[in-house]
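Chains, contacts and geometry: an overview
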Amino acid sequence: MQNDSNIGAVAWLTGLSGSGKSTIARAAAVELSRKGISAEILDGDAMRATISRDLGFSKADRDENVRRAGYMAAMLARNGIVVMVALISPYRAARDEVRAQIEKDGIPFLEVFVNAPLSICESRDPKGLYGKARRGEIPAFTGIEDPYEPPFCPDVECRTDRETIEFSTWSVLSAVERSRAARFRSFIAHK
Ligand code: ADX
């Protein structure tokens, strides 16, 4: 029996390393759980430590990582879970492919551009990786030697250099709520 608290959705957070994807994903998942809505996080670092351990950072491997996350996100969302995906997912075509796949299943999908200028992400450098990349110790680091293709028309944009984490989280959650409510209305209308 479908009710408005078990409508799944996928919020796909894309952006540079250090832009704030994981922070927003975690804060949003906590808030959803507090409201009694099941939420899960699919995070790049966690995926790469487990089901994407075999993948590197070539274009083909990054696209494969995105496909795997998309497959799992769809599976979870079909079962009423709101999935926060936090992956750099640098290539537009791979993100568009995942969106098409998930929307085909009737699952609300929101592309969230977690946007901060490279210089800011680099100054935050939470994992010390930009420093290493600049010293040539990490090849093909996104934003340094490897491309990042920003979304043309994201559903939500979080300017994390100008807004608080609370505001970014609120923007994502309100978009998620609107899309879940629309899905619920269409479910009722077609019953
Ligand atoms: S994605 O490109 O395939 O979407 P993903 O989000 O899973 O990337 O992983 C990014 C994380 O891997 C970064 O936050 C960083 O910790 C680590 N990493 C290691 N090497 C690289 C690299 N060359 N480019 C980007 N991130 C890297």
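Higher on the page you've got the structure.
One structure accompanies this document, and this report is about it. Numbering of residues starts from 1 in each chain and follows the order in which that chain's sequence is written. pLDDT decides what is reported in this predicted model: residues at 70 or higher carry local features, side-chain atom pairs at 80 or more are listed and counted, and totals for whole chains, interfaces and linings draw on all residues regardless. With hydrogens and water set aside, each side-chain value is computed from the structure's full complement of heavy atoms.

Quick word on the overall build of the protein
Applicable threshold: By the criteria applied, helices consist of DSSP H or I runs no shorter than four residues and strands consist of E runs no shorter than two, each listed in order from the N terminus. Our radius of gyration is a C-alpha quantity, and the globule rule it is checked against amounts to 2.2 Å times the number of residues to the power 0.38. Each residue gets one of three labels from its accessible area relative to the maximum for its type: buried under 20%, exposed over 50%, partly exposed in between, using a 1.4 Å probe on protein chains only.
Tallying secondary structure elements over the protein gives 7 helices and 5 strands in all. For the protein, the succession of helices and strands along the chain, N to C, is β-α-β-α-α-β-α-β-α-α-β-α. What you see for the protein is a C-alpha radius of gyration of 16 Å, in line with the 16 Å of a compact globule of 191 residues. Seen through its C-alpha atoms, the protein measures out along the principal axes to roughly 60 × 35 × 30 Å. In the protein, which comprises 191 residues, the share counted as buried stands at 45%.

Observations regarding helix α4 (residues 92-104)
How we decide: Here the expected length of a helix is defined as 1.5 Å per residue gap, with one fewer gap than residues. The arc in question is traced by the directions running from the helix axis to the C-beta atoms. The contact criterion used is simple: two residues touch if any of their non-hydrogen atoms lie within 4.5 Å.
Over its 13 residues, α4 runs 18 Å from end to end, which matches the ideal 18 Å to within 8%, given 1.5 Å per residue. All of the buried residues in α4 are Ala-94, Arg-95, Val-98, Arg-99 and Ile-102. Buried positions in α4, seen along its axis, are confined to an arc of 140 degrees and lie on one side of it. Turned more than 90 degrees off the buried face of α4, the exposed positions are Ala-93 and Lys-104. Buried-residue contacts for α4 involve β1 (9-14), α3 (59-78) and β4 (109-115). A positive backbone phi angle near 75 degrees is found at Gly-106, which sits one or two residues after α4.

Some thoughts on α3
With 20 residues, α3 extends 28 Å from end C-alpha to end C-alpha; this agrees with the ideal 28 Å at 1.5 Å per step. Taken together, the buried positions of α3 are Arg-62, Asp-63, Asn-65, Val-66, Ala-69, Gly-70, Ala-73, Ala-74 and Ala-77. Relative to the axis of α3, the buried residues are bounded by an arc of 165 degrees and lie together on one face. Among the exposed residues of α3, those oriented more than 90 degrees off its buried face are Ala-60 and Tyr-71. Buried residues belonging to α3 abut β1, β2 (39-43), α2 (44-49), β3 (82-86) and α4. Positive backbone phi, approximately 85 degrees, marks Gly-80, located one or two places after α3.

What to know about the site of the ligand
What counts here: Nearness is defined per residue: one heavy atom within 4 Å of the molecule or strand is enough. Side-chain atoms alone can form a polar contact between residues adjacent in sequence; in general such a contact is a pair of N or O atoms within 3.5 Å, and within protein one must be able to donate a hydrogen while the other accepts it. Amino acids are sorted into nonpolar (Ala, Val, Leu, Ile, Met, Phe, Trp, Tyr, Cys and Pro), charged (Asp, Glu, Lys and Arg) and polar (every other residue, Gly among them).
Taken together, 18 residues are adjacent to the ligand, and Arg-48, Arg-62, Asn-65, Ser-89 and Lys-127 come closest. With respect to the ligand, the side chain of Arg-48 contributes an N or O atom lying 2.8 Å from an oxygen atom. Among the secondary structure elements, those contributing two or more residues to the shell around the ligand are α2 and α3. For the shell around the ligand, the element with the highest residue contribution is α2, accounting for 3 residues. Counted by class, the shell around the ligand contains 9 nonpolar, 5 polar and 4 charged residues.

Here's the deal with the side chain of Ser-19
Within the element layout of this structure, Ser-19 appears in the loop between β1 and α1 (21-34). Look at Ser-19 and you get buried, because its relative accessible area is 1%. Beyond its immediate stretch of four places on either side in the chain, Ser-19 contacts Val-114, Cys-121, Arg-124 and Thr-160.

A short note on the packing of aromatic side chains
Keep this limit in mind: For this analysis, a ring pair means two rings from Phe, Tyr or Trp (six-membered ring only for Trp) whose centres lie within 6.5 Å, classed as stacked if their planes differ by under 30 degrees, edge-to-face if by over 60, and tilted for the remaining angles.
All told, the structure shown has 4 aromatic pairs when counted by the stated rule. When the ring of Tyr-130 is compared with that of Phe-141, the centres are 5.0 Å apart and the planes differ by 80 degrees; the resulting orientation is edge-to-face. Remark: Phe-141 occurs in the loop between α6 (129-134) and β5 (156-159) and Tyr-130 occurs in helix α6; sequence separation between them is 11 residues. Each member of the pair Tyr-130 and Phe-141 is classed as buried.

Brief notes about unusual backbone geometry
At Ser-89, a residue that is not glycine, the phi angle is positive and equals roughly 35 degrees. Among the structural elements, Ser-89 can be located in the loop between β3 and α4. According to the relative accessible area criterion, Ser-89 is buried, its value standing at 4%. Positive phi outside glycine occurs at Asp-125, with the angle close to 30 degrees. Residue Asp-125 is classed as buried on the basis of its relative accessible area of 19%.

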